[in-house]
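# A structural walkthrough
Below are the chains, spelled out letter by letter.
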Amino acid sequence: MLTILTKVQSRGWFVQEISRIFAHVCFRNEVNCSWLIGLRSHLAAQRKTTGIRNVTTSSALCAKPRGNSQKKELSEKKLTRHFVDHRNVKLLAGAGGKGACTFHSEPRKEWGGPDGGNGGDGGNIIIKVERQVKSLAQVTPVYKGDDGDSGGSKNCYGRNASTTYIAVPVGTVVKEHGKTVADLSQHGQEYVAVFGGAGGKGNRFFLSNENRAPMTATPGERGQERVLQLELRTMAHAGLVGFPNAGKSSLLRAISNARPAVAAYPFTTLNPHVGIVKYRDHEQVAVADIPGIIRGAHLNRGLGISFLRHIERCRFLLFVLDLSSPEPWTQLQHLRFELDQYEPGLSHRPHAIVANKMDLPGARGNIEALRGHVAQRVIPVSALTGQNTEELIIHLRELYDVYLQTQGQGSGEDKPTRW
């Protein structure tokens, strides 16, 4: 046995596997394996002299460590997922397959006749409502439907292309050139946006008594093409409205599960974020962090009309004021002016005044002056320390309950959207 193993020592892996099997058999049968130990030492000496190295993949050193690996923490940029409530999409349905021009070929059948089949129809594109989808962020700018298969010989028809579905949230409004063409307000509702082209005709289709050997076959028709605008009727139940750096993103992080980007230096949010405030009775209220407004927004300055369109889709508003600035009540006046210039009466929707940054010096004196200038309820909070955020969450639920009651009485508006 030693002689045989020495001859095949050039196959290092083979030697190691044979020695491992012999060791397993000897120990299992309780055989004295001192000779095996000598054999292994002899092979090791031969390996040193010949320079052959045995390699095995069964060693624990070659395997990846398991159980000790820790997942990397996601960065703030990856945690940030902004909310999209408006999309322009270009839809191009699939084209039909072309018809075939063939003739039947069979022994002893000289005049088989035409047997070219028709092409398959192109795929439609359907917009479908899914309750699990909450944003239009997953909707891509361009959709192309599948083309139908071409026809074949022996009267084989081409296969019709499959339908392409676009999942949208409940309450999506489909517009074309500014006009509403579909209002998708129920789960599972579908709207056929574009139709696929019809398949072409094979020469079998043109067979007639006058033309027994038609050579005509038509190509498939092109699919329908449209450019549509998708908008969400209800962006969120509540919208945080305020000037840049008023602390809206920090406040949303303090009261909901959303994680918009915040920092120690001043900057403004460019895209809206939506967070969900959960209550013990399993009710959920959606709160949107609207990008900061500036003076002249109704004239399309800054984010302009795009920003105000987000506010228009909120059912009640939370005016967030910076208490560290002098005369914070002037912020409220300018905010209401911009909203009313965009849409008359928009600032008169159910709302609450949130006095933020109470942890900064000078805020205590400004809160009393603010209450003297406004007649509505003022809720002082600190998004940084979490001070008095419970009162804001409770008041937010009160506004939501009033909203549900007004909808139940048939106020003529849309039904509330459960998140």
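Given the structure is predicted, the values throughout are model-derived calculations rather than measurements.

## Points about the sheet that holds strand S14 (residues 378-380)
In space, the six strands of this open sheet follow the order S10-S11-S9-S12-S13-S14, with mixed pairing throughout. Looking at the sheet topology across the chains shown, the edges are occupied by strand S10 (273-278) and S14. For this sheet, the mean inter-axis angle between neighbouring strands, taken without regard to orientation, is 30°. Alignment of strand S12 (residues 314-322) against strand S13 (residues 351-356), held across six bridges, turns out to be parallel. Pairing of Phe319 across the sheet is with Ile353, part of S13. Packing against the sheet, helix H7 (residues 329-342) makes contact with strand S9 (236-241), S12 and S13, and its axis sits at approximately 145° to S12. Of the strands in this sheet, S12, S13 and S14 touch helix H8 (residues 363-373), which is tilted by about 170° from S14.

## Considering the nonpolar core
Among the nonpolar cores identified, the biggest contains 28 residues, and Ile311, Leu323 and Leu370 are the most heavily contacted of them. Of all the elements in the fold, those that place two or more residues in this core are S9, S10, strand S11 (284-289), helix H6 (304-312), S12, H7, S13 and H8. Those residues within four positions of Leu323 in sequence are excluded, and the remaining contacts are Pro328, Ala355, Asn356, Lys357, Met358, Gly362, Ala363, Asn366, Ile367 and Leu370. Counting residues in each nonpolar core, the second largest holds 23 residues, with Val277, Tyr279, Val287 and Ile379 among its members.

## Here we look at the confidence of the model for the chain
A low pLDDT score tells you not to read the predicted coordinates there in detail. Model confidence for the chain is summarised by a mean pLDDT of 76, while 69% of its residues fall at 70 or above. Segment residues 74-80: pLDDT under 50, and ten contacts once partners within four positions in sequence are set aside and those in other chains are kept. When the criterion is pLDDT under 50, residues 410-419 qualifies, and its contacts beyond four places in sequence or with other chains add up to 28 contacts.

## With respect to the sheet that holds strand S2 (residues 125-129)
Hydrogen bonds along the backbone pair up the strands of a sheet, which may run parallel or antiparallel. One open sheet accounts for three strands, arranged S4-S2-S7; its pairing is mixed. Two strands in the sheet have a free side with no partner beyond their single neighbour: strand S4 (164-168) and strand S7 (190-194). Strand after strand, the sheet turns through a mean of 30° between neighbouring axes, direction not considered. Relative to S7, S2 is paired through four bridges, and the arrangement is antiparallel. Paired with Ile126 across the two strands is Val192, which belongs to S7.

## Here's the deal with the pattern of salt bridges
Enumeration over the complete set of coordinates arrives at nine salt bridges. The salt bridge involving Lys90 is made with Glu225; its shortest N-O contact spans 3.4 Å. Taken together, the residues Lys90 in strand S1 (residues 86-92) and Glu225 in strand S8 (residues 225-232) connect sequence positions 135 residues apart. Look at Lys90 and you get partly exposed, because its relative accessible area is 38%.

Reading the values: the criteria
Residues numbered from 1 in each chain as written. Predicted model: local features only at pLDDT ≥ 70, side-chain atom pairs only at ≥ 80, totals over all residues. Heavy atoms only, no water. Pairing = 2+ DSSP bridges. Helix = DSSP H or I, 4+ residues; strand = E, 2+ residues; numbered from the N terminus. Axes fitted to C-alpha atoms, helices over the stretch in contact; angles between N-to-C directions. Contact = heavy atoms within 4.5 Å. Core = buried A, V, L, I, M, F, W, Y, C linked by side-chain atoms within 4.5 Å. Buried < 20%, exposed > 50% of the residue type's maximum accessible area, 1.4 Å probe, protein only. pLDDT = per-residue confidence, 0-100. Salt bridge = Lys/Arg side-chain N within 4 Å of Asp/Glu carboxyl O.

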